[in-house]
Amino acid sequence: MRVLVAMSGGVDSSTVAGLLAEAGHEVIGVTLQLYDHGAAVGRKGACCAGQDIHDARRVADHLGIAHYVIDAEARFRAAVMASFADSYANGETPVPCVRCNQTVKFTDLIELAADLGAERLATGHYVQRIDGPGGAELHRAADPARDQSWFLFATTRAQLERSLFPLGGLPDKAHVRGEAARLGIAVADKPDSQDICFVPSGTYADAVGKLRPDALAPGEIVSETGEVLGLHDGIARYTVGQAKRLGPAAQAGGARRVVVALDPAQRRVVVGPASGGTRHLRLREVNWLAEPARLRCQVKLRARDTAHDAEIVPTADGVDVILDAPALPAPGQACVFYAGERVLGGGFIQRPVPVTRAAPVDAAVMAAL
Amino acid sequence: MNGMIYLDANATEPLRPEARAAVLDALDRTGNPSSVHAAGRDARRLLEDAREAIARRFGGAPSDVVFTSGGTEADALAIHALGRGRRVIAGATEHDAVRAAAPGAALLPVDAQGVADLDALEAMLRGGPALVCLMLANNETGTLQPIAAAAALCRAAGAWLHVDAVQAAGRMAVNLAALGAHSMALSSHKLGGPQGAGALLLTPDAAAALTPLILGGGQERGRRGGTHALPAIAGFAAAAQACTGSEHLAGLRDMAEQAALLAGAVALAAGGPRLSNTTALALPGVRAERQVIALDLAGIAVSAGAACSSGKVARSHVLEAMGAGALAGEAIRVSLPWNATEADIAGFAAAYQTMAARLSRSAA
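Visitor: Is there a simple way to explain the sheet that holds strand S7 (residues 183-187) of chain B in this structure?
Guide: For sheets, the rule is that strands pair by backbone hydrogen bonds, running either parallel or antiparallel. Residues and elements named next belong to chain B. In space, the seven strands of this open sheet follow the order S2-S8-S7-S6-S5-S3-S4, with mixed pairing throughout. Two strands in the sheet have a free side with no partner beyond their single neighbour: strand S2 (65-68) and strand S4 (106-108). Here the average twist between neighbouring strands, direction ignored, is 20°. Pairing of strand S5 (residues 130-135) with strand S6 (residues 160-164) involves five bridges; the strand directions are parallel. Within S6, the position partnered with Leu 134 by the bridge is Val 163.

Next up, the structure:
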């Protein structure tokens, strides 16, 4: 079988390519160039490609497979980075990795696979694709510590049919590194990637500020009743549930307080008791990986969240979620539905009250990135 | 590589057997051309034979042939030396070797066929002492520039003219004096020699103005330091002597082009003067990168635009300068090597048609 493997240059996807090649498949490696690495690290004259692209090519050389670098800069800027910054400016906490998986990876690469006559797209994600009576199902990885199913909820059923996740069934990361070493893959010891890929310095606020300076404008930290408790340096630096960067406001009134809401229109960070929260949330852009139905299941509101028991109710334009116990969901994050190990679907958490959206990113600002 | 059909000669030509023999012969000789002893003399003889062969083939005096590491260094040396204290005017479709060496150059516009606008050149030359850089044949389209006419304008205005003849040399008649240029860059591997050698040919007045980029041990009359890559230079000279032009490839190139046109391609710069081994084929709505990958998987080696060192296919500045619009990101370059066969073209035609039928067209 001809398989397209999305290779990032890291140990996971390199191992996927190695295992599939070893199994006798015709493996075609592709690495997406998502952004100009030289510009991202701010070093003049640095190559547009980072070390990861070099590593991916060397792994492909070692495995003796074809490898191509795909220029996805414009697509990534439009599909991921713009909405990332807009989301922050609108008082949300986006998940750019979900957007990237949804667009650049699973939409564009599956189309590329079809163009190149490859039956499947394989990635190094830690999830399991299991053939069920109704077609391909998405399940959590065998290793709960590595499970990435939350990040892949937006993969469509058609995309899932054409995908392969060879690492999802492996017991743990040590096993993957062992396989990489056995296959002679040079990146076997490479550290795991951290944070957001297009923000190498780790200061995502700077990246947001370049696109949406308004998201870094100062404002007030207020209580739920509107009492001013302090000042902040940009709502993009805050997310619902956060306890840091609040200064004295974190302990105002004697109780420990966290961010409970962000109000972009008034540039306010609203704090309240950490024990508070809401039981009702509304989701948009819902993707179903099972037949849509009103049902009881478990939901995860963050990538590294414990599951919450809830009832989910399909609506005309999304899904309403009623949690059994209150929680602090951050608008913009994903709410993913689980029945045991299986992912049933998910959607993006909406802001509880309608807000006036700020103007979209200016085209000239985008071009300057 | 088994069964691969190689149609990317403008990236590098297959090694000619004469060049291979000369390289192997030189590899077996121990000697530095700068040494005093017999081994050094032997190496020096080989070097000077090569220099004379290059001068005979491409014009100019042997003493004004400066061996370099390749075309890029030859362009950089010319611009470094002849551009000093002068404005640089460069054709809009020049190779990156020139563009990067003259980042502040004024760009000479080209027409839809990629041919430089000489009226514009004449006007641009009025602004004071200049160095004009104009390539003889374009690497992406094969378009030939009216060098002799440009040279007349340059000489009348007191400007230097540097010609990048890297793609033209070996594929058509190329002579420094006949072109009227002051300097000319050549590359060994674009004419069937090994990679790693090139030359800058100079007229006496340009040679007198030359200052080195690399100092070192005073080699090349102090114009280019560093021990000579003698095997590469010997192979370069042997290949230059073996070249017989590329006119014999015109029929095969036209066959390839016709097959692509039937599959929906648009041939760019095909209406102007061009090399007979090159065609630029755009497939509307299909990104060039995807075409190159699909053809590679079918065993056909072609290229697109200027490949960055990452391997990423960038939009072609050449096709953009020609006003090709969206097609600038949708064109591949097919360039036939000196040893292309009819079977190669038949294989290309079949693969191209399969590719054109299968690749999804993006919505405009």
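Having put the structure on the table, let's press on.
Visitor: For this particular structure, what's the right way to read the domain arrangement of chain B?
Guide: How big an interface is tends to be stated in terms of accessible area lost as the parts join. Residue and element names in this part refer to chain B. Taken domain by domain, chain B holds domain 1 (5-13 + 246-358) and domain 2 (17-242). Distance between the C-alpha centres of domain 1 and domain 2: 27 Å. Among the elements of the structure, strand S10 (278-282) and helix H12 (317-321) are those that each provide at least two residues to the side of domain 1 that touches domain 2. With three residues, H12 is the largest single contributor of residues to the side of domain 1 that touches domain 2. A per-class count over the side of domain 1 that touches domain 2 returns eleven nonpolar, nine polar and three charged.

Visitor: What exactly am I supposed to notice about the sheet that holds strand S4 (residues 120-122) of chain A here?
Guide: Residues and elements named next belong to chain A. The five strands are arranged S3-S2-S1-S4-S7 in an open sheet whose pairing can be described as parallel. Among the strands making up the open sheet, the edge pair consists of strand S3 (66-71) and strand S7 (163-164). Bridge count between strand S2 (residues 26-33) and S3: six bridges; the pairing is parallel. Bridging across to S3, Ile 28 finds its partner in Ala 66. Packed onto the sheet, helix H5 (residues 96-115) meets strand S1 (2-6), S2 and S4 and runs at close to 150° relative to S1.

Visitor: Looking at this structure, how should I read the pairing of strand S8 (residues 198-202) of chain B?
Guide: In regular strands, side chains alternate between the two faces of the sheet. Residue and element names in this part refer to chain B. With five of five residues buried, S8 is to be regarded as a mostly interior element. Alternating positions in S8 separate into two faces, Gly 198, Leu 200 and Leu 202 on one and Ala 199 and Leu 201 on the other, with burial throughout. Judged from the four bridges that link them, S2 and S8 form a sheet pairing that is antiparallel. By the bridge assignment, Thr 68 is partnered in S8 with Gly 198. Relative to S8, S7 runs antiparallel, the two sharing five bridges. Bridging across to S8, Met 184 finds its partner in Leu 201.

Visitor: Just to check I follow, could you spell out the environment of Arg 171 of chain B for this structure?
Guide: Residues and elements named next belong to chain B. Mapped onto the fold, Arg 171 is located in the loop between S6 and helix H7 (176-179). With 29 C-beta atoms counted inside 10 Å, the residue Arg 171 sits in the buried group. Along the chain, Arg 171 and Ile 332 lie 161 residues apart, while their C-alpha atoms are 20 Å from each other.

Visitor: How should I be thinking about the pairing of S10 of chain B in this particular structure?
Guide: All names here are of chain B. Among the five residues in S10, five count as buried, and that is most of the element. Residues of S10 alternate between two faces, with Thr 278, Ala 280 and Ala 282 on one and Thr 279 and Leu 281 on the opposite face, all of them buried. Of the strand pairs in this sheet, S10 and strand S12 (residues 331-335) are connected by five bridges, and their pairing is antiparallel. Following the sheet pairing, Thr 279 is matched in S12 by Val 334.

About the criteria used
- Residues numbered from 1 in each chain as written.
- Chains lettered and ligands numbered in written order.
- Predicted model: local features only at pLDDT ≥ 70, side-chain atom pairs only at ≥ 80, totals over all residues.
- Pairing = 2+ DSSP bridges.
- Helix = DSSP H or I, 4+ residues; strand = E, 2+ residues; numbered from the N terminus.
- Axes fitted to C-alpha atoms, helices over the stretch in contact; angles between N-to-C directions.
- Domains from an automatic or database assignment.
- Nonpolar A, V, L, I, M, F, W, Y, C, P; charged D, E, K, R; others polar.
- Contact = placed C-beta atoms within 7 Å.
- Buried ≥ 20, exposed ≤ 12 C-beta atoms within 10 Å, placed from the backbone.

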